[in-house]
Amino acid sequence: MQIKELFKRKNLVFSFEVFPPKVTSPIGSIYDTLEGLQDLKPDYISVTYGAGGNGNDNRTGEIAAIIKNKYGIEALAHLTCIGSTLEQTKGVLQELRDKGVHNVLALRGDIPEGFEGKGELKNSQDLIRLIREDQGNRFGIAAACYPEGHVEGKNVDQDIEILKLKEEAGADHAITQLFFDNNYFYEFLNKVEEKGIQLPIQAGIMPVTNKKQIERIVALSGANLPVKFKKIMEKYEHNKEALRDAGIAYALDQIVDLISTGARGIHLYTMNNPYIARSVTESIHSILKSVNKEKEVV
Ligand code: FAD
């Protein structure tokens, strides 16, 4: 099923993100993660993709196919285009199709350090257009968006213009970069609406569980850290369990606020940690049920 159908059926789409094991680890290690996630019944699970055309041993497609075919959960395969040729990208799409994966998150990817090649596909709109040209409507297409602005972009307004172009190129829905202050998301949604963008947007939420992880992520994404969040990091940075529990509590607070304010979806960055996904999902079980009660057809 294409994910756009889920948005028609549900008031709130709730999904997880996982990443493939390193190429040096056996692919089977992903089973521990998936076994821990499958009974939480997310609407779909997305699988990240290596940037710069270096691929990840085709593991994204392989894992997406396991999610779909072994666990019966809808899968979204991330796909980056920077550094890949048209033929390579078309090949990946065909492989996904052959494996029964029907949803792609179309991304440019981060430009690798020292990258000099131009690549045939320069941005995510090029990739979205290629998917539509090459595969028609066989894939549901998701795109990334940035409530606090993309690190290379001028400002949020420009990013919203770009999101409009992604929609016009054929994207069906969007997922945000992680954020820790919901106000950025609400301001972003207001502007998106003013621009006439129709596609549903899922809020990307990452429960933070260790300080190093967050410093790396903030450097990459440019996300702002609210004072309340910084206090948690400082207070518990030397107590692993306390930091994990405080990180989960903070994410839950964000999620409850987002759902109450009418967000169309939550995409949980699980960091392949079923404990975190379980703690969050079980805590909002009755909220998810209640919010979807009236609309759900299945
Ligand atoms: P684009 O939409 O192409 O935008 C890139 C930059 O170019 C932006 O600054 C944009 O403003 C500018 N731009 C785009 N089009 C135009 C235009 N027509 N005119 C002028 N400027 C333009 N990375 C991975 O490597 N693997 C993953 O699996 C992965 N998953 C992600 C999942 C989510 C939900 C998100 C939010 C990000 C993910 N990323 C992933 C990171 C992503 O690859 C980077 O943020 C990357 O730098 C931008 O990708 P994009 O698809 O948003 O790029």
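Data block above holds the structure.
All values derive from a computational prediction rather than experimental measurement. (Residues numbered from 1 in each chain as written. Predicted model: local features only at pLDDT ≥ 70, side-chain atom pairs only at ≥ 80, totals over all residues.)

Observations concerning the packing of helix H6 (residues 156-169) against helix H7 (residues 182-194)
Test applied: What counts as an axis is a line fitted to C-alpha atoms, over the stretch in contact for a helix, and the angles between N-to-C directions run from 0 to 180 degrees. To qualify as a helix, a DSSP run of H or I must reach at least 4 residues; to qualify as a strand, a run of E must reach at least 2; elements of each kind are numbered from the N terminus. Note on angle classes: values under 35 degrees are labelled roughly parallel, values over 145 roughly antiparallel, values of 65 to 115 roughly perpendicular, and the remainder oblique. Should the near helix be turned anticlockwise from the far one by less than a right angle, the crossing is left-handed, and should it be turned clockwise, the crossing is right-handed. Each residue gets a C-beta atom placed from its backbone, and two residues are in contact if those atoms lie within 7 Å.
Following both chains from N to C, one finds H6 and H7 inclined at 50°, their axes separated by 10 Å at the closest point. By the criterion of interaxial angle, the relationship of H6 to H7 is oblique. The two elements H6 and H7 cross, and the hand of that crossing is right-handed. The residues of H7 that touch H6, namely those facing Val156, Asp157, Ile160 and Leu163, are Phe188, Lys191 and Val192.

A word on the sheet that holds strand E5 (residues 140-145)
Selection rule: Paired strands, in this sense, are two strands between which DSSP finds at least two bridges.
With parallel pairing, the eight strands of this closed barrel are ordered in space as E1-E2-E3-E4-E5-E6-E7-E8. In this sheet, adjacent strand axes meet at a mean angle of 25° when their direction is disregarded. With four bridges joining them, E5 and strand E6 (residues 173-176) adopt parallel strand pairing. From the neighbouring strand, Cys145 faces E6, where its bridge partner is Thr176.

A short note on the environment of Tyr71
To be explicit about the condition: Exposed residues have 12 or fewer other C-beta atoms within 10 Å of their own C-beta, buried residues have 20 or more, and residues in between are partly exposed; the C-beta atoms are placed from the backbone.
Within the fold, Tyr71 resides in the loop between helix H3 (59-69) and strand E3 (74-80). You can call Tyr71 partly exposed: it has 16 C-beta atoms within 10 Å. Along the backbone, Tyr71 and Gln198 are 127 residues apart, and their C-alpha atoms lie at a distance of 31 Å. In this structure, Tyr71 is in contact with Leu34 and Gln38, ignoring residues within four places of it in sequence.

Things to note about the pairing of strand E7 (residues 201-205)
We apply this condition: Assignment of crossover handedness uses the view with strands pointing away from the viewer, where a clockwise path from the first strand over the helix to the second indicates a right-handed crossover.
Within E7, five of the five residues are buried, which leaves it mostly tucked inside the rest of the structure. Of the two faces of E7, the one holding Ile201, Ala203 and Ile205 and the one holding Gln202 and Gly204 are both buried throughout. Of the strand pairs in this sheet, E6 and E7 are connected by two bridges, and their pairing is parallel. Bridging from a neighbouring strand, Ala174 pairs with Ile201 of E7. Each parallel crossover has a hand, and for E6 linked through H7 to E7 it is right-handed. Here E7 runs beside strand E8 (residues 265-269); their pairing, made up of four bridges, is parallel. From the neighbouring strand, Gln202 faces E8, where its bridge partner is Gly265.

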